[in-house]
Amino acid sequence: MTAIPPGSTIGILGSGQLGRMLAVAAAQLGYRCHIYAPESGPACDVAAAFTQGDYNDATSLAAFAKAVDIVTYEFENVDPRGIAHLAPIAPVRPGSRALDISRERPTEKGFVRDQGGTTAPFREVTSLAGLEAAVAEIGVPSILKTSMFGYDGKGQARLASPDDATAAWETVGGQPSVLESFVTFAHEFSIMLVRGLDGATVHYPAPLNVHRDGILATSTIPAPALVQTQVEAAVALTTKLAHALDYVGVLTCEFFATADGPVFNEMAPRVHNSGHWTIEGAVTSQFENHIRAICGLPLGSTALTGASVEMDNLIGDEADQWPALLAEGDAHLHLYGKHEARPGRKMGHVTRVWR
Ligand code: AMP
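Here is a short report on the structure shown in this document. Bear in mind that the values here come from a model prediction, so they are computed numbers and not experimental data.

Turning to the overall build of the protein, a few remarks are in order. Tallying secondary structure elements over the protein gives eleven helices and 17 strands in all. Oriented by its inertia axes, the alpha-carbon framework of the protein measures out at about 60 × 50 × 40 Å. When each of the 355 residues of the protein is scored for burial, the buried share is 55%. For the protein, the share of sequence-separated contacts (at least 6 apart) that also reach a separation of at least 24 residues comes to 62%. For the protein, the exposed area adds up to about 14,600 Å²; of that, 51% sits on carbon and sulfur atoms. When the 25 positive and 38 negative side-chain charges of the protein are each reduced to one mean point, those points stand 4 Å apart.

Structure below.
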């Protein structure tokens, strides 16, 4: 196992806030970061270099791969053909297998079931007639989600009655989708697992995640007792998934805590919003541990730095609260430097750690 030492250059596909926080953690360890994305974004402000290019531009990707020592990514919708241009030139971690699995919901859910996980009952849907048939099988309430490119509740429609099928099909733009039965859950939580290049794993305490309008609003640690009783099974499944994918880096799985145990919702082959609290709330942040993992360095401690932690997302104009948040003195404010505060846009977050 050859480590990629500090002083090397890490290439990051994607220029969003996750790339920004990865680049800050990498810089702290003495690495340079080179961002590759179709558009400039929050990560570019804190990186050593930026290449503007499409994810399927073979020439531009090859030049980028030659300029870096390793490539990672901050979002899961990278075109696998793009990765194919990079991989012969520079190692790509977490790797293309995780991307192939997590790009499409049906593939991901099927994989998780094969590994022994529980998902909500679902059916793949490619037409309105197919949706109506799926509603007859799955029942209502249910949720229709586009198979690809869905995030923060986008590309989703809820069905309270079979009569909602036509409107739901319009909401997802008639794209290939999955119909999922609505899970009755007490809580939502996530597992952030880190797998090193040598296959060693560590995981963070599981946060309780509360969503508003399909977007993460808060992550709180410790999670309630019901979640605590389900963490062991959820970590076991996430570990199994990571080993099966020969995964390197931070792998996040989101779960519903139900009366019958944890139900897998979705995975992200990357650092995750529900782990932002780890910057101040854990000994080693998810961003630093991702960098350590992909560079073949020893993983850092995931222990809490306080008795409890809360992370609140600042969405849209909530970021205007920054003067009051700074005035608190011990709240940790993170702003992503986005120029325009559109509704539903993640502008920053604030973390509070209680000793
Ligand atoms: P997702 O993009 O799949 O993570 O969905 C966004 C949010 O919608 C989740 O965090 C849940 O709050 C809710 N949700 C998604 N799928 C289901 C489901 N099958 N049952 C109940 N709530 C769901």
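With that settled, the discussion passes to the pattern of salt bridges. For the structure shown, the criterion picks out twelve salt bridges. The shortest N-O distance in the salt bridge between Arg-81 and Asp-79 comes to 2.7 Å. According to the relative accessible area criterion, Arg-81 is exposed, its value standing at 55%. Look at Asp-79 and you get buried, because its relative accessible area is 12%.

Another aspect to go through is the state of the cysteines. Any covalent bond linking the sulfur atoms of two cysteines counts as a disulfide. Considering all chains together, one arrives at zero disulfides under this definition. Considering cysteine sulfurs only, Cys-33 is the nearest to Cys-295, which forms no disulfide, with 8.7 Å between them. For Cys-295, a relative accessible area of 0% puts it in the buried group.

Before going further, it helps to examine the site of the ligand. Taken together, 15 residues form the shell around the ligand, and within it Lys-145, Gln-156, Glu-180, Val-183 and Glu-188 come nearest. In the environment of the ligand, an oxygen atom lies 2.7 Å from a nitrogen or oxygen atom belonging to the side chain of Lys-145. Between the ligand and the protein, one listed contact pairs an oxygen atom with a side-chain N or O atom of Asn-265 at 3.0 Å. In the complex, 96% of the free accessible area of the ligand, which totals 470 Å², lies under the protein chains. At the level of elements, β6 (142–146), β7 (156–159), β8 (177–181) and β14 (261–268) are the ones that each hand at least two residues to the shell around the ligand. Counted by class, the shell around the ligand contains five nonpolar, four polar and six charged residues. Taken together, domain 2 (121–181) and domain 3 (187–354) each give at least three residues to the shell around the ligand, which thus spans both.

Pairing of strand β9 (residues 187–195) with strand β11 (residues 208–212), which is carried by two bridges, proceeds in the antiparallel orientation. Bridge assignment links Glu-188 to a residue of β11, and that residue is Asn-209. In the sheet, β11 pairs with strand β12 (residues 215–221) via five bridges, with the strands oriented antiparallel. Across the sheet, residue His-211 finds its bridge partner in β12, namely Leu-216. Connecting β11 to the antiparallel partner β12 that follows it, the hairpin turn spans two residues, and Asp-213 within it adopts a positive phi of roughly 55°.

Moving on to the layout of surface pockets. Each pocket or cavity is described by its volume, and for the second largest pocket that value is around 250 Å³. In terms of lining residues, the second largest pocket is bounded by 14 residues, among which Met-21, Val-24, Ala-25, Ile-279 and His-334 are the most central. Contributions of two or more residues to the lining of the second largest pocket are made by α1 (17–28), α10 (286–294) and β16 (332–335). Here the lining of the second largest pocket gets five residues from one element, more than from any other, and that element is α1. Its residues placed into classes, the lining of the second largest pocket shows nine nonpolar, three polar and two charged. Here the lining of the second largest pocket spans two domains, since at least three of its residues come from each of domain 1 (9–92) and domain 3 (187–354).

Looking now at helix α6 (residues 128–138). Among all positions of α6, only Leu-131, Ala-134, Val-135 and Ile-138 are buried. Down the axis of α6, the sector holding all buried residues measures 105°, keeping them to one side. Relative to its buried face, α6 has exposed residues pointing more than 90 degrees away, namely Ala-129, Ala-136 and Glu-137. Turning to α6, the residues buried within the fold contact β5 (122–125), β6, β7, α7 (165–171) and β8.

Right, let's get into the environment of Leu-314. In this fold, Leu-314 is placed in strand β15 (residues 308–315). Taking relative accessible area as the criterion, Leu-314 reaches 3% and is therefore assigned buried. In this view, Leu-314 contacts Ala-319, Gln-321, Leu-325, Leu-333, Leu-335, Arg-345, Lys-346, Met-347, Gly-348, His-349 and Val-350; residues no more than four positions away in its chain are not counted.

Criteria and cut-off values
- Residues numbered from 1 in each chain as written.
- Predicted model: local features only at pLDDT ≥ 70, side-chain atom pairs only at ≥ 80, totals over all residues.
- Heavy atoms only, no water.
- Helix = DSSP H or I, 4+ residues; strand = E, 2+ residues; numbered from the N terminus.
- Buried < 20%, exposed > 50% of the residue type's maximum accessible area, 1.4 Å probe, protein only.
- Contact = heavy atoms within 4.5 Å.
- Areas by Shrake-Rupley, 256 points an atom, 1.4 Å probe, with all protein chains shown as cover.
- Lys, Arg positive; Asp, Glu negative; His and termini not counted.
- Charge placed at Lys NZ, Arg CZ, Asp CG, Glu CD.
- Salt bridge = Lys/Arg side-chain N within 4 Å of Asp/Glu carboxyl O.
- Disulfide = S-S within 2.5 Å.
- Near = heavy atom within 4 Å.
- Polar contact = N/O pair within 3.5 Å; in protein donor to acceptor, adjacent residues only side chain to side chain.
- Nonpolar A, V, L, I, M, F, W, Y, C, P; charged D, E, K, R; others polar.
- Domains from an automatic or database assignment.
- Pairing = 2+ DSSP bridges.
- 1 Å grid on protein atoms, 1.4 Å probe; cavity = no way out; pocket = protein on both sides within 12 Å on 5 of 7 lines; lining within 4 Å.
- Points joined across faces, edges and corners; volume = space filled by probe spheres on them.
- Arc of directions from axis to C-beta.

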